[in-house]
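Given next are the chains, with one letter for each unit.
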Amino acid sequence: MSGPHLHVLATGGTIAGRGGSPTRRDYRPGQIGIDEFLARIEPLALGARLTGGQVANIGSEDISYAVWARLHASASAALDDPAVDGLIITHGTDTAEETALLLDRTLPTSKPIVLVGAMRAADAVGSDGWRNFANAVQVARDPAAAGRGVLVVMGDLVHAARDVRKAITSGTGAFRSFPRGPVAAVTPTSLEWFADPWRVGAGALYPFPAAMPEVALIHCCAGLDGRIVALHRAAGAQGFVVAGFGEGTMPEPLRTALREAAAAGLPVVRATRVDEGLVDRAPDDDGDGFIAARALGPAKARILLQVLIAAGLRDPAVIQQALEAR
Ligand code: SIN
């Protein structure tokens, strides 16, 4: 194969999944290894020289710090290699948004980095994995993909890591972006960017955590009180993200317990359990010592807070700024 050299790091997921029959529902993710995957891709003649490495072969519900650490190390080595023009990561869709944001904030963005998955197993009828992968190659081989952080390619669209989330449980159009929409449209033979690169400087924004600090995610429901906060504090939580009601509201007993946590120096981020929308700073946030998640959903706000705490950043004003950064 000729063309740009793209290195593919495989972690598993449905894109590497197999059910044994085109119509079987209970397929298993993470069944196809990187060598077989690349051998099956080769006849598609995608216009790039593809090499590969296997980081894991799991369903992404089992993603862990250990896998992230291996992935980050392999990705860094590939990006440091002058012979490599771009990086593709194959990944399950269930936690794609968390891995994408973690890498987005901790890898340099001087070369294209694309994370891609699939909603249908590789041997399922109408499998989307091969097309998504061909689209990922189309993006990663374009030098204009650099300077945009980690990009997520799904369903003929390109999403920015900060904005993307899995919004629908099944079907090939499962991913959405908020507050910006997708940043490009892609097919195996075309790519149209909707915006200029937005990352200033090519370096990583934060170091990759040497260990993941414990950050509790509390999902609000009617009548929830503050005992859950005490339990998490006793278990060693170093920060909190609340998936609150509406624009990040919460029952008063929970608020009181979290205000005490914030006063003790534990960062507290208000996000929302609602599907989409901003959680802006509220009049009480200054007095409470709380931080507003803005456009980040709870899972991504948690990952970013873990990265920030690991980097020694605990000041609510500094964390607020970090949550707002593109
Ligand atoms: C997974 O996240 O590994 C399974 C689901 C998927 O990839 O779509």
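Residues numbered from 1 in each chain as written. Predicted model: local features only at pLDDT ≥ 70, side-chain atom pairs only at ≥ 80, totals over all residues. Heavy atoms only, no water.

## A closer look at helix α8 (residues 298-310)
Between its first and last C-alpha, α8 extends 18 Å over 13 residues, near the 18 Å set by a 1.5 Å rise per residue. Those residues of α8 not exposed but buried are Pro298, Lys300, Ala301, Ile303, Leu304, Leu305, Gln306, Val307, Leu308 and Ile309. Directly after α8, the chain includes Gly312, whose backbone phi takes a positive value near 85 degrees. (Helix = DSSP H or I, 4+ residues; strand = E, 2+ residues; numbered from the N terminus. Expected span 1.5 Å × (residues − 1). Buried < 20%, exposed > 50% of the residue type's maximum accessible area, 1.4 Å probe, protein only.)

## Description of the layout of surface pockets
Roughly 490 Å³ of volume is contained in the largest pocket. Around the largest pocket sit 25 residues that line it, and Thr14, Tyr27, Met119, Arg120 and Thr169 are the ones nearest its centre. Split into classes, the residues belonging to the lining of the largest pocket amount to eight nonpolar, 10 polar and seven charged. By volume, the second largest pocket amounts to about 350 Å³. Around the second largest pocket, the lining is made up of 24 residues, and of these Arg165, Val274, Asp275, Gly297 and Pro298 lie nearest the centre. Of all elements in the fold, only β7 (164-166), β11 (215-219) and α8 reach the threshold of two or more residues within the lining of the second largest pocket. Considering only residue class, the lining of the second largest pocket consists of 10 nonpolar, four polar and 10 charged. (1 Å grid on protein atoms, 1.4 Å probe; cavity = no way out; pocket = protein on both sides within 12 Å on 5 of 7 lines; lining within 4 Å. Points joined across faces, edges and corners; volume = space filled by probe spheres on them. Nonpolar A, V, L, I, M, F, W, Y, C, P; charged D, E, K, R; others polar.)

## With respect to the domain arrangement of the protein
As assigned here, the protein comprises domain 1 (5-193) and domain 2 (215-324). Summing both sides of the interface, domain 1 and domain 2 together bury roughly 1200 Å²; the carbon and sulfur share of this comes to 63%. If you sort the residues of domain 1 by the area they bury against domain 2, Leu101, Arg162 and Phe178 come out on top, with a joint share of 42%. Where domain 1 packs against domain 2, one counts two salt bridges. Arg165 serves as the salt-bridge partner of Asp275, at 3.3 Å between the closest nitrogen and oxygen. For the interface between domain 1 and domain 2, the tally reads six residue pairs in polar contact (both at pLDDT 80 or more). At the level of secondary structure, the elements contributing two or more residues to the side of domain 1 that touches domain 2 comprise α3 (96-106) and β7. (Domains from an automatic or database assignment. Buried area = accessible area lost by both parts, 1.4 Å probe. Salt bridge = Lys/Arg side-chain N within 4 Å of Asp/Glu carboxyl O. Polar contact = N/O pair within 3.5 Å; in protein donor to acceptor, adjacent residues only side chain to side chain.)

## Some details on the pattern of salt bridges
For the structure shown, the criterion picks out 19 salt bridges. When the shortest N-O distance is used, the salt bridge between Glu36 and Arg40 registers 3.6 Å. Residue Glu36 and its partner Arg40 are located together in helix α1 (residues 34-41), separated by four residues, close to a single helical turn. The class for Glu36 is partly exposed, based on a relative accessible area of 33%. Asp225 serves as the salt-bridge partner of Arg227, at 2.9 Å between the closest nitrogen and oxygen. Look at Arg227 and you get exposed, because its relative accessible area is 63%. Note on Asp225: relative accessible area 24%, which makes it partly exposed.

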